Amino acid sequence: MLARSAVRLHALSAKRALGSRLASTKTLKETLQEVIPAKQEQLKKLKTEHSQTVIGDVKVENVIGGMRGLKSMLWEASVLDPNEGIRFHGMTIPDCQEKLPAAPGGKEIIAESMLWLLMTGKVPTEAETRQLSQELAEKGDLPAYVENLIDSLSPSLHPMTQLGIGVAALNHDSVFQKAYERGMKKTEYWTYALEDSLTLIARLPALAARIYRNIYKPGNELPAIDKSLDLVGNYTNLLGYGANKDLTEYLRLYISIHGDHEGGNASAHTAHLVSSTLADPYLSYSAALFALAGPLHGLANQEVLRWQLAMQKELGDNITHDHIKEYLWKTLKSGQVVPGYGHGVLRKSDPRFIALQEFCDSRPDLLASSTIQLVKKTFEVAPGVLTEHGKTKNPWPNVDAASGCVLYHYGLTEFKYYTVIFGVSRALGALTQVVWARALGLPLERPKSLSMDALQQLIKV
Ligand SMILES: CC(C)(COP(=O)(O)OP(=O)(O)OC[C@H]1O[C@@H](n2cnc3c(N)ncnc32)[C@H](O)[C@@H]1OP(=O)(O)O)[C@@H](O)C(=O)NCCC(=O)NCCS
């Protein structure tokens, strides 16, 4: 009784503290309103003064090689350097870890502070971050029609397929679509795109957790969204792991640093392409999720774990470096890729992999875990084997070499679900660009394709 009233008193004072900070705090939309004009001006100047400036050549290898390296897309929130890795508005992952607000009582970056940075290019204050958390929590409930739709799906349908279906169906409530039908002005596009994007980000935890519950824990009650928690705090709670503070902190870090990886990756690019047709943010991000579901992209975190568990099963305990080497060669000789290694752009170890490794190094239970130790041991030999194999341009690990194994250690062992967590994360960056593309009035994407005969003709010229 005493404990319960103490909890209530604490909740009340926390609410008051939040309330008093909120009164003088700008919203994300107001901050965007301030930063958009300068960017519009910058784009106008680029168009008028430099439209015809040449910034690179198009080679045949770009056309037949999946457009690798072709500089042909505008993306504001982050830029990927092949050697240094990702920078969010110029900030590295360690910069973000130092400057972006964490959850109350936590240490790791949270999705809200990363989203604020991605959207506005500014580091949010503590109060701005808490206010955004509250805004998202208030929008976080799923409409009943989506709950019913998700509950009607077969539990054998892959969780990523279910996520894509759920996100597409949320477009039933799209304010962007309704405003477009009413004939909104072009200058208003971004405001509706923002509203939809925030609602979608807010609803992703409830949607993703419902899919998890239906497939893996049928019959379990789903808790209500806790209005005092951050997005990932709620997500972990809904998944049923809220009591595990380390897992919650891990997911906060993972979801934040995985939120954007510039624009050319398949899922981000898909969201950008689809939204350039003025499809609403729900449809755009739903399409992105189906790109993310491919094994060369988001599904890799599931594949890493499958690969590693198969190795453990075959080799038993006490796996040595030589055993891993042999297993790597076996994988390569059978024509498969080594999941978690290589990258379309990166040419060094992924700083996101390093950040996750540092998280593991700071926790004795993770250091002692055989799954995490195997990740480390594999990292010690795989780059050498892949270099000797001689095919991949980047023998170093990407983020997925570590991400799933930590989840597995903490008891979230259903690895078919891992890409869904990636899908919750990538919404931050992909939807930021959807908002900016509308604010900048970017046009419908329409690259020129060529047949091989047309290419031959061009070569002759
Ligand atoms: C990420 C990935 C798709 C990038 O592909 P890419 O840009 O074509 O990479 P490269 O230019 O280095 O590929 C050159 C060759 O090396 C191979 N290669 C690349 N990474 C490899 C790996 N991890 N294991 C084995 N072979 C690999 C490619 O399959 C390709 O072979 P091919 O010429 O027979 O088609 C690729 O590295 C890969 O498949 N990695 C494993 C899956 C993964 O971890 N994905 C998550 C990415 S974040």
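Rules used throughout
- Note that residues are indexed from 1 along each chain, following the sequence as it is written.
- At least 70 in pLDDT is required for a residue's local features to be given in this predicted model, at least 80 for side-chain atom pairs to be given and counted, and no such filter applies to totals for whole chains, interfaces and linings, which use all residues.
- Working definition: helices are DSSP H or I runs of at least four residues, strands are E runs of at least two. Numbering for both runs from the N terminus.
- Atoms counted for the radius of gyration: C-alpha only. Globule rule: 2.2 Å times residue count to the power 0.38.
- Put simply, a residue is buried when 20 or more other C-beta atoms lie within 10 Å of its own C-beta and exposed when 12 or fewer do; between those, it is partly exposed, and each C-beta is set from the backbone.
- Here the contact rule is simple: place C-beta atoms from the backbone, and any two residues whose C-beta atoms are within 7 Å are in contact.
- Nearness is defined per residue: the C-beta atom, placed using the backbone, must lie within 6 Å of the molecule or strand.
- Basically, the charged four are Asp, Glu, Lys and Arg, the nonpolar ten are Ala, Val, Leu, Ile, Met, Phe, Trp, Tyr, Cys and Pro, and anything else, Gly included, counts as polar.
- Linking buried Ala, Val, Leu, Ile, Met, Phe, Trp, Tyr and Cys residues through C-beta atoms within 7 Å yields a set, and such a set is a nonpolar core.
- Segmentation of the chain into domains, including their bounds, is taken from an automatic or database domain assignment.
- A pair of strands is labelled paired if DSSP reports no fewer than 2 bridges between them.
- Note on geometry: axes are C-alpha line fits, over the in-contact stretch for helices, and angles between N-to-C directions span 0 to 180 degrees.
- When the near helix sits turned anticlockwise from the far one by under a right angle, the crossing is termed left-handed; a clockwise turn instead gives a right-handed crossing.
- The predictor's confidence in any single residue is recorded as pLDDT, a number from 0 to 100.
- Between 65 and 115 degrees an angle is taken as roughly perpendicular, under 35 as roughly parallel, over 145 as roughly antiparallel, and anywhere else as oblique.

In the annotation of an unreviewed UniProt entry, the protein chain is listed under the name Citrate synthase and assigned to Auriscalpium vulgare.

1. Comments concerning the overall build of the protein chain
From N to C terminus, the protein chain includes 22 helices and two strands. Computed over its C-alpha atoms, the radius of gyration of the protein chain comes to 23 Å, within 12% of the 23 Å expected for a compact globule of 461 residues. By its C-alpha atoms, the protein chain is 70 × 65 × 45 Å across when sized along the principal axes. Expressed as a percentage of its 461 residues, the buried residues of the protein chain come to 43%. Residue pairs in contact within the protein chain that sit at least 24 positions apart in sequence constitute 76% of those at least 6 positions apart.

2. Observations concerning the site of the ligand
Of all residues adjacent to the ligand, which total 17 residues, the nearest are Ala300, Gly342, Lys391, Thr392 and Lys393. Split into classes, the residues belonging to the shell around the ligand amount to seven nonpolar, seven polar and three charged.

3. Digging into the environment of Ser174
Within the element layout of this structure, Ser174 appears in the loop between α8 (159–169) and α9 (175–182). With 22 C-beta atoms packed within 10 Å, Ser174 lands in the buried category. Not counting residues up to four positions away in its chain, the partners in contact with Ser174 are Asp196, Asp280 and Tyr282.

4. Looking at the nonpolar core
Ile201, Ala208 and Tyr285 are the most contacted members of the largest nonpolar core, which totals 118 residues. Here this core takes 17 residues from helix α10 (residues 189–216), the largest share from any one element. Here this core spans two domains, since at least three of its residues come from each of domain 1 (135–297 + 420–439) and domain 2 (300–409).

5. Notes on the environment of Tyr418
Secondary-structure assignment places Tyr418 in helix α21 (residues 418–439). In this structure the C-alpha to C-alpha distance between Tyr418 and Gly404, which are 14 residues apart in sequence, comes to 6.6 Å. Those residues in contact with Tyr418 that sit more than four places away from it in its chain are Asn301, Gln302, Gly404 and Leu407.

6. A word on the domain arrangement of the protein chain
Here the protein chain is partitioned into domain 1 (135–297 + 420–439) and domain 2 (300–409). Just the C-alpha atoms count here: the centres of domain 1 and domain 2 sit 29 Å apart. Listed per partner, the contact involves nine residues of domain 1 and 11 residues of domain 2. When the residues that make up the side of domain 1 that touches domain 2 are grouped by side-chain class, the tally is six nonpolar, two polar and one charged.

7. Some remarks on the pairing of strand β1 (residues 78–81)
Side chains Ser78 and Leu80 project from β1 onto a buried face, and the interleaved Val79 and Asp81 project onto a face without burial. Of the strand pairs in this sheet, β1 and strand β2 (residues 85–88) are connected by four bridges, and their pairing is antiparallel. When the sheet's bridge partners are listed, Leu80 is paired in β2 with Ile86. Count of turn residues in the β1/β2 antiparallel hairpin: three residues.

8. Thoughts on the packing of helix α5 (residues 111–120) against α21
Packing of α5 against α21 leaves a shortest axis separation of 9 Å and a crossing angle of 30 degrees. Considering the relative orientation of α5 and α21, their crossing is right-handed. Here α5 contributes Ala111, Met114, Leu115, Leu118 and Met119 to the contact with α21, which in turn contributes Leu428, Gly429, Thr432 and Val435. Residues that form the contact of α5 with α21 fall into these classes: seven nonpolar, two polar and no charged.

9. Considerations on the confidence of the model for the protein chain
Overall, the predicted model of the protein chain reaches an average pLDDT of 93, with 95% of residues at or above 70. Note that residues 1–21 has pLDDT below 50 and, in this model, six contacts with residues that lie over four places away or in other chains.

10. Points about the packing of helix α7 (residues 144–151) against α8
Close contact between α7 and α8 brings their axes to 10 Å; oriented N to C, the two are set at 155 degrees. Between α7 and α8, the angle is such that the two are roughly antiparallel. Crossing hand, α7 versus α8: right-handed. Between α7, through Val146, Leu149 and Ile150, and α8, the contact on the second element is made entirely by Gln162, Gly166 and Ala169. Here the residues of the contact of α7 with α8 sort into four nonpolar, two polar and no charged.

11. With respect to helix α11 (residues 231–239)
For α11, the buried fraction is high: nine of the nine residues fall into the buried class. Those residues of α11 that fall on the buried side of the exposure criterion are Leu231, Val232, Gly233, Asn234, Tyr235, Thr236, Asn237, Leu238 and Leu239. Those residues of α11 hidden inside the fold are in contact with α5, α6 (126–139), α10, α12 (245–257) and α21. Looking one or two places after α11, you find Gly240, whose phi comes out positive at around 100 degrees.

12. A look at unusual backbone geometry
One non-glycine residue with positive phi stands out, namely His89, at about 45 degrees. Backbone geometry places Glu262, a non-glycine residue, at a positive phi of 50 degrees. Relative to the helices and strands, Glu262 is located in the loop between α12 and α13 (266–275). Its 21 C-beta neighbours within 10 Å are what place Glu262 among the buried residues.

13. A look at the environment of Leu346
Here Leu346 lies in the loop between α16 (321–333) and α17 (351–361). A C-alpha to C-alpha distance of 7.0 Å links Leu346 and Asp81, two positions 265 residues apart in sequence. Setting aside anything within four residues of it in sequence, one finds Leu346 in contact with Pro82, Gly85, Asn394 and Asn398.

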